[in-house]
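Each chain is listed here by its residues.
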Amino acid sequence: MLPPRRNVWPPPPPASESDAERADRIEAEREAKRVSNAIDESLALEREQRKRPSNAKILLLGQAESGKSTILKNFQLHFAPKAFQAEAEAWRPVIHLNLVRSVNFVLGLLEIRHPSTYSHDQQPTSSDSPLSGHLRRLSLSLAPLRQVEESLSNRIAGSRPPEDISEADRYNPAKASEISLRSGSGWTAFLRFRRGSTSTDRNDKAEETQTRRILSACAADIMTLWAAPEVQQGLRDREITLQEQSGLRVPFLSPLDDILRARVHTIGPEEHVINMESTTENVRSWTVYDMGGSTSQRLAWAQFFDSVHVIIFLAPISAFNETLAENHSVNRLADSLKLWRTICSNKLLISVEFILVRAPVCLSASAASSNRQFLNKVDILTRKIQSGIRFAEHVTSFRNKPNEPKEVIKYLSDAFATINQTYSPRKRKMHRHVTCAIDTKATSVVINDIREVILLNALTATNIL
Ligand SMILES: Nc1nc2c(ncn2[C@@H]2O[C@H](COP(=O)(O)OP(=O)(O)OP(=O)(O)O)[C@@H](O)[C@H]2O)c(=O)[nH]1
Ligand SMILES: [Mg+2]
């Protein structure tokens, strides 16, 4: 009887193997081993990746103009720079629109301050001196920009007007903070889609060339208008800091700066998936929900509360002397504090916390407990205080503390922390960052700091930890 056949790998060499056959066999065995090791490694990697969450969900909250969409741009630039650059071109019409709206706003301001210059029926009064010949000439030469604004608005927003406000209101200095373009969600995709259609593409290109031609012809005049003492004074009188508004600044910055400052008022919740371009990132993608922050938009927030890993709340601390665009009787800082209180005490967030808290980690990494707060627009706050605006005049409880940015930031930081302590249904850690969202370098330090917390929350929520 033959002994049972044993399967041995590699099989023993045949007895009559020549030297050349032996060399071939050893080489084949080496190659087979290399392939087998590669398969093992890739299986191990796959197992490891399966352990990691594929996605982290982040919710951006805060009042309108607090900087939510700007923080989102920072995330995109940081984690998906190639995709961000590919999108850059779609921002151009918005950048142009923000710029011309700002110029038109300044022209409107001059018109209101010097009515007798613009109306023959009006006699100059003691408070209304006629405009200097120099500024009158500038006003005339920049007049075509109103037409440019209209055509850009139509191009981006289609036939519907960008904002449902009257012409008079749009150029009313009281409305300065509303220099923005309202858009539906996914407007950059809409622009790309329009670019895909040949006839629209041709028209858009022709209009864009025309806009660029007009803007470059007006560039010197715009700069002169900006620098004019009457304009600077007019803005100062209304406590409008030039750099505060998306277009109200020395124009023609670098393309990245322009994109970060470009203003599109977010309407409704927008979902943005950021696929990490670096293979070393622990989470493969972030889904960021960028919410509209104006009062009427906030009703839509709650539906996202139970599925997010991290909430980032933005409070524009520079807005202490401003009122809401949608309600001029409400101070923006008071609104931000009230909103923060609502978030801290929200019942839906309690249930989120309850669900996520089951994860067995001592760092209770639930959505609610990982509230991150960005005290944003610190650059504007600093400029305002340094220009002599007294914080205590707007926030009386600040009393006679020194009117210095550092003191104001500390005061506000404490105020937000106290609300968290007082109104959160259970004790929760709050991470605070003082940011300037248009400073990508500084913001990337904050992003590096928060990415680990975001990973931890995503891991915990998926029960991996
Ligand atoms: N100077 C300065 N400007 C900022 C800062 N953060 C945001 N901005 C500008 O403020 C304007 C409003 O910012 P957005 O990010 O559009 O505000 P939002 O919170 O998304 O506003 P809504 O979509 O209306 O809710 C933009 O023009 C930004 O460029 C900041 O820290 N400093
Ligand atoms: Mg927004």
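Residues numbered from 1 in each chain as written. Chains lettered and ligands numbered in written order. Predicted model: local features only at pLDDT ≥ 70, side-chain atom pairs only at ≥ 80, totals over all residues.

Enquirer: Explain the overall build of the protein here, please?
Expert: Broken down by element type, the protein carries 18 helices and ten strands. Looking at the protein as a whole, 34% of its 465 residues qualify as buried. Long-range contacts, defined here as pairs at least 24 residues apart, represent 75% of the contacts in the protein between residues at least 6 apart. (Helix = DSSP H or I, 4+ residues; strand = E, 2+ residues; numbered from the N terminus. Buried ≥ 20, exposed ≤ 12 C-beta atoms within 10 Å, placed from the backbone. Contact = placed C-beta atoms within 7 Å.)

Enquirer: Which parts of the structure should I look at to understand the UniProt feature "binding site: Mg(2+)" (unreviewed entry) in the protein?
Expert: Mapped onto the present numbering, the UniProt feature "binding site: Mg(2+)" (unreviewed entry) falls on T266. For T266, the position within the fold is in strand β3 (residues 264-266). If sequence neighbours within four positions are ignored, T266 has contacts with S69, D290, M291 and G292. (UniProt positions renumbered as here; feature names shortened; annotations may be inferred.)

Enquirer: Which parts of the structure should I look at to understand the packing of helix α13 (residues 332-345) against helix α17 (residues 405-423)?
Expert: Geometry of a packed helix pair, given as the angle between the helix axes and the separation of the axes. Where α13 contacts α17, the two axes come as close as 9 Å, and the packing angle between them is 30°. The orientation of α13 with respect to α17, classified from their angle, is roughly parallel. The crossing of α13 and α17 is right-handed. Touching L337, W340, R341, C344 and S345 of α13 are A415, F416, I419, N420 and Y423, all from α17. In terms of residue class, the contact of α13 with α17 is made up of seven nonpolar, two polar and one charged. (Axes fitted to C-alpha atoms, helices over the stretch in contact; angles between N-to-C directions. Parallel < 35°, antiparallel > 145°, perpendicular 65-115°, else oblique. Left-handed = near helix turned anticlockwise from the far one by under 90°. Nonpolar A, V, L, I, M, F, W, Y, C, P; charged D, E, K, R; others polar.)

Enquirer: Looking at this structure, I do not really get helix α4 (residues 92-113). What am I missing?
Expert: Side chains that are three or four residues apart share a direction in an α-helix, a result of its 3.6 residues per turn. The terminal C-alpha atoms of α4, which comprises 22 residues, lie 32 Å apart, in line with the 32 Å expected from a rise of 1.5 Å per residue. A large share of α4 lies buried, amounting to 18 of its 22 residues. (Expected span 1.5 Å × (residues − 1).)

Enquirer: Which parts of the structure should I look at to understand the environment of C436?
Expert: Along the chain, the position of C436 falls in the loop between β10 (431-434) and α18 (440-461). You can call C436 buried: it has 20 C-beta atoms within 10 Å. For the pair C436 and P316, spaced 120 residues apart in the sequence, the C-alpha separation amounts to 9.6 Å. Not counting the four nearest positions on each side in its chain, C436 is found in contact with K377, V378, D379 and A442.

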